[in-house]
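Structure at a glance
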Amino acid sequence: MKKLKVAILGAGTMGLYLAWKLSEKGNDVTVFERKKTIGKECCSGLFSERILEFIPQSEALIKKFFTNCLINFPHKSVNICFKKKVFLIEHAELDRLLAKIAEESGVKIILEKEMRELPEGFDRVIGCDGPNSFVRKSLSLPSPKIYLGVQTFITVSQDVSRETSPSKYKNVSRETLETWPVKSGFIWGFEKENCFEYGIMAPPSKAVDILKDFLAKEGLELTSLKSAPIPQGLILPKNEKITLCGDAAGMTKPWTGGGVIWGLTAADILLKKFPDFSAYRSSAIKFFGLQIAISKLAKFLVYFLGFNMPFLLPKKAKIDNDFLSLF
């Protein structure tokens with residue numbers, strides 16, 4: 001296969017992973033990043049153990065793991081057991097690891113490069129430049145639906161303990177996540193080494209207020225926060241030389257907003273089809289279109305039953321936390 005000159009916009013997880021793998025195949029790869037440093041800061045860093053299938057080197061970054069999640073509806077809690085463990089990894093550390101691996105494979109990374117036009121002189125251009133993708137806008141594609149992810153930390157110095165944290169925590173091990181469904185989203189919480197992390201995924205106009213109210217009811221105060229947009233919706237161009245991957249294409253799970261495993265799965269589809277972007281588009285839409293449909297249906301049913309007929313929900317269930325199935 002002819003080796004090509006490839007430009008990737010965005011030095012996040014997907015951009016760096018693609019750069020690494022394409023460079024290994026002998027392509028000349030340049031990554032353009034608008035920020036002056038590499039590493040996503042606003043992220044819980046919760047990834048299923050599938051992360052090791054894509055990036056085996058990330059095993060050294062694992063802080064702890066979770067085996068289950070409690071979904072707390074007003075009148076019933078459902079214990080979800082994961083088929084795949086969920087690892088806690090600092091996302092910024094993962095991105096920096098990938099940058100090192102990519103550079104060692106021959107990738108050129110250019111930081112502080114604000115793109116005002118698509119780069120010229122490249123055989124292929126891949127947009128991995130996030131929810132507000134410049135590449136997507138340059139192609140006059142529609143924007144995905146945007147949720148807001150808000151993250152805050154309650155430190156031990158604020159006298160937070162299992163006894164004073166939300167009631168479910170005092171009966172839950174450190175290997176358990178907790179979520180509290182809210183209209184059009186959910187709140188999450190889990191214990192870190194020296195603090196509790198809380199966060200919410202919800203419509204931008206409501207997210208912060210809902211989280212503040214939740215914490216206030218538990219006697220906790222939201223003193224600082226980080227936030228980032230979460231795109232929802234699959235958007236891929238019909239273009240032979242330019243395509244999208246990851247958040248730029250809206251590849252996030254409808255039920256959690258997580259996008260790393262979905263994005264890496266899409267990246268592997270792209271790598272198998274490269275340099276045929278039409279084949280990549282067709283395969284990605286076929287795979288993720290079904291996943292999105294199943295996920296939205298499952299989320300609707302669980303939320304409807306949880307808020308209206310909780311007695312119909314099981315007390316315990318086991319799921320694949322990345323890919324749902326009808327069977």
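Up top is the structure these notes are about.
Now for a look at the structure at hand. Quick caveat: nothing in here was measured; it's all calculated off a predicted structure. (Residues numbered from 1 in each chain as written. Predicted model: local features only at pLDDT ≥ 70, side-chain atom pairs only at ≥ 80, totals over all residues. Heavy atoms only, no water.)

1. Things to note about the packing of helix 1 (residues 13-24) against helix 3 (residues 91-104)
For the pair helix 1 and helix 3, the least separation of the axes is 9 Å and the interaxial angle reads 20°. The angle between helix 1 and helix 3 places the two elements in the roughly parallel class. As helix 1 runs across helix 3, the sense of the crossing is left-handed. Mapping the contact onto sequence places Thr13, Leu16, Tyr17 and Trp20 in helix 1 and His91, Leu94, Asp95, Leu98, Ala99, Ile101 and Ala102 in helix 3. Broken down by class, the residue content of the contact of helix 1 with helix 3 amounts to eight nonpolar, two polar and one charged. (Axes fitted to C-alpha atoms, helices over the stretch in contact; angles between N-to-C directions. Helix = DSSP H or I, 4+ residues; strand = E, 2+ residues; numbered from the N terminus. Parallel < 35°, antiparallel > 145°, perpendicular 65-115°, else oblique. Left-handed = near helix turned anticlockwise from the far one by under 90°. Contact = heavy atoms within 4.5 Å. Nonpolar A, V, L, I, M, F, W, Y, C, P; charged D, E, K, R; others polar.)

2. Focus on the sheet that holds strand 7 (residues 124-127)
One open sheet accounts for five strands, arranged 6-2-1-7-13; its pairing is parallel. With partners counted over all chains shown, the strands left at the sheet margins are strand 6 (108-110) and strand 13 (242-244), one partner each. The average angle at which neighbouring strand axes cross in this sheet is 20°, direction not considered. Taken together, the three bridges between strand 7 and strand 13 define a ladder with parallel strand orientation. Bridge pairing links glycine 127 to leucine 244 in strand 13. Against the sheet, helix 1 makes contact with strand 1 (5-9), strand 2 (28-32), strand 6 and strand 7, and its axis sits at roughly 170° relative to strand 1, the strand it touches most. (Pairing = 2+ DSSP bridges.)

3. A short note on helix 5 (residues 207-217)
Among the residues making up helix 5, those that are buried are Ala207, Leu211, Phe214 and Leu215. One side of helix 5 carries all its buried residues, which in axial view fall inside an arc of 95°. Every exposed residue of helix 5 that faces more than 90 degrees away from the buried side is listed here: Ala216 and Lys217. Contacts made by the buried residues of helix 5 are with strand 8 (145-155), strand 9 (176-182), strand 10 (185-191) and strand 11 (195-202). (Buried < 20%, exposed > 50% of the residue type's maximum accessible area, 1.4 Å probe, protein only. Arc of directions from axis to C-beta.)

4. A few points about the pattern of salt bridges
The final tally for this structure, using the stated rule, is eight salt bridges. Close ionic contact of aspartate 322 with arginine 50 constitutes a salt bridge, the shortest N to O distance being 2.7 Å. Of the two residues, aspartate 322 is situated in the segment after strand 14 (316-319) and arginine 50 in the loop between strand 3 (46-48) and helix 2 (51-54); the sequence distance between them amounts to 272 residues. You'll find aspartate 322 and arginine 50 in the same group, each marked buried. Ionic contacts of the salt-bridge type, sharing partners, join the residues Arg50, Lys253, Asp320 and Asp322 into one network. (Salt bridge = Lys/Arg side-chain N within 4 Å of Asp/Glu carboxyl O.)

5. Thoughts on the packing of aromatic side chains
If you walk through the whole model with that rule in mind, you get 18 aromatic pairs. Ring geometry for tryptophan 255 against tryptophan 262: centres 6.2 Å apart, planes inclined by 75°, an arrangement best described as edge-to-face. With relative accessibility at 17%, the residue tryptophan 255 sits in the buried group. Plain terms: the ring middles of phenylalanine 300 and phenylalanine 304 are 6.2 Å apart, the flat faces sit at 20° to each other, and that makes the pair stacked. Placement of the pair is phenylalanine 300 and phenylalanine 304 together in helix 7 (residues 277-308), with a separation of four residues, close to one helical turn. Residue class for phenylalanine 300 comes out exposed when judged on its relative accessible area of 54%. Geometry around tryptophan 20 places lysine 21 over its ring, the cationic atom sitting 4.0 Å from the centre. Looking at arginine 124, its charged tip hangs above the ring of phenylalanine 277, at a distance of 5.7 Å from the centre. (Phe/Tyr/Trp six-rings, centres within 6.5 Å; stacked < 30°, edge-to-face > 60°. Lys NZ or Arg CZ within 6 Å of the ring centre and 35° of its normal.)

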